[in-house]
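# Working through the structure, step by step
If you want the building blocks of each chain, they are given just below.
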Amino acid sequence: MRRPIIVVFLSLLMLALPSAWGAERGALFKVSGGGHTMYLFGTMHVGLPEFYPLEPRIATAIQNASALALEVDLLQDPAKLGAAMQAHAMLAPGKPGFQDRSPAFRKRVEHALKKARIDPAAVARFKPWLVATTLTLAEYASEGYQAELAVDIKLAQMARASKVPVIELESISAQFAMFDRLGEQEQWAFLEESVDMMESGKQRAEMRQIVDAWGSADKAVLDAVAAKVEGDTSVSGKFMQKVLLEERNGPLAEKLAALLAKQDKSVAAIGVLHLVGKHSVPALLGAKGLTVERVY
């Protein structure tokens, strides 16, 4: 009687193993050209414990990689973040902040900050775009998503454990500078739209949609999110599409093509929204004559 029980137990174990070893998440592409190959993986900049371990193809690819390319390597010098904040994210002395806006607007921002358990005084000298970004990150944190469990950070840790070189495709200063290009009125509109989204619950719903789609490698939903971003005419929507995505995708594709030409078996990991949509990095790499295969 024990033998059938053992067989059933082993069968159930084998069914459970793929999940235990890591499910497909995000989006994965294989790029080939000039006799070299590269895996291109779409990441989330926050994480949950259940995101890990990553599925075997990613883990093996990084373990055997010639290099891991990330947007930025957050495990490097933390002083770079402080310098970027001072240069691009803090209001100049005497410049009015959200507390100097209309009483109604100030009340809404302070309510959103307190709801997120952020002391308004702690962000009083932040530029409007950083106040909005801080609120968004707090919204993620309220759902349990942790910055220290960001996929990019985990990949960098995996690479270093295997003595794989980690290279940056951008810099934290350049990323902050993009937000700083928003005009003053655009920044206030950016913050107001963020508060609107939070008050209506739309931001939380969109956040869950993106994370759930990433967590299940749901191509249809990720493509739908990309289409929605492309059609968003709000200040924050147009900034996301034109500056944070399209403007960066070209240089990212150029750097990845150059890396592929120099090295075989490299791995690149960038935000998943860079890998979907009409002007995505994979589309730009394909336009350069490289072979791009979507694995999932």
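Identification of the protein chain as TraB/GumN family protein from Massilia genomosp. 1 is taken from an unreviewed UniProt entry.

## Observations regarding the environment of alanine 67
Along the chain, alanine 67 turns up in the loop between α2 (56–63) and β3 (68–70). The sequence separation of alanine 67 and alanine 159 amounts to 92 residues, and the corresponding C-alpha distance is 8.2 Å. Once residues within four sequence positions are removed from consideration, alanine 67 is found in contact with Val164, Pro165, Gln263, Ser266 and Val267.

## Here we look at helix α6 (residues 151–161)
For α6, the set of buried residues is Val151, Asp152, Ile153, Leu155, Ala156 and Ala159. At its buried positions, α6 is contacted by β2 (36–43), α2, β3, β4 (166–168), α9 (202–215) and β5 (266–271). Looking one or two residues beyond α6, the residue adopting positive phi is lysine 163, at roughly 60 degrees.

## Some remarks on the sheet that holds strand β6 (residues 291–294)
Neighbouring strands of a sheet are bound in pairs by backbone hydrogen bonds; such pairs are parallel or else antiparallel. With mixed pairing, the six strands of this open sheet are ordered in space as β4-β3-β5-β2-β1-β6. Every interior strand has two partners, whereas the edge strands, β4 and β6, have only one. Within the sheet, the average angular offset between the axes of one strand and its neighbour, ignoring direction, is 25 degrees. In terms of strand pairing, β3 meets β5 through three bridges, oriented parallel. For leucine 68, the partnering residue across the bridge sits in β5 and is valine 267.

## As for the pairing of β2
For β2, the buried fraction is high: six of the eight residues fall into the buried class. Judged from the seven bridges that link them, strand β1 (residues 27–33) and β2 form a sheet pairing that is antiparallel. Following the sheet pairing, serine 32 is matched in β2 by threonine 37. Note: β2 against β5, six bridges, orientation parallel.

## Overview of the nonpolar core
Leu40, Phe41, Leu68, Val151, Leu155, Val281 and Leu285 are the most contacted members of the largest nonpolar core, which has 59 residues in total. When residues of this core are assigned to their parent elements, the largest contribution, seven residues, is made by helix α11 (residues 235–262). Apart from residues lying up to four places away in sequence, leucine 40 is in contact with Ala27, Leu28, Phe29, Val31, Leu256, Ala268, Ile270, Leu275, Val281, Pro282 and Leu285. One finds Ala89, Leu113, Val123 and Phe239 within the second-largest nonpolar core, a separate group that totals 29 residues.

## As for unusual backbone geometry
With an omega of 5 degrees, the peptide bond between tyrosine 52 and proline 53 qualifies as cis. Mapped onto the fold, proline 53 is located in the loop between β2 and α2. A positive phi angle, near 65 degrees, is found at arginine 117, a position not held by glycine. Along the chain, arginine 117 falls in the loop between α4 (103–115) and α5 (128–142).

About the criteria used
- Residues numbered from 1 in each chain as written.
- Predicted model: local features only at pLDDT ≥ 70, side-chain atom pairs only at ≥ 80, totals over all residues.
- Heavy atoms only, no water.
- Helix = DSSP H or I, 4+ residues; strand = E, 2+ residues; numbered from the N terminus.
- Contact = heavy atoms within 4.5 Å.
- Buried < 20%, exposed > 50% of the residue type's maximum accessible area, 1.4 Å probe, protein only.
- Pairing = 2+ DSSP bridges.
- Axes fitted to C-alpha atoms, helices over the stretch in contact; angles between N-to-C directions.
- Core = buried A, V, L, I, M, F, W, Y, C linked by side-chain atoms within 4.5 Å.

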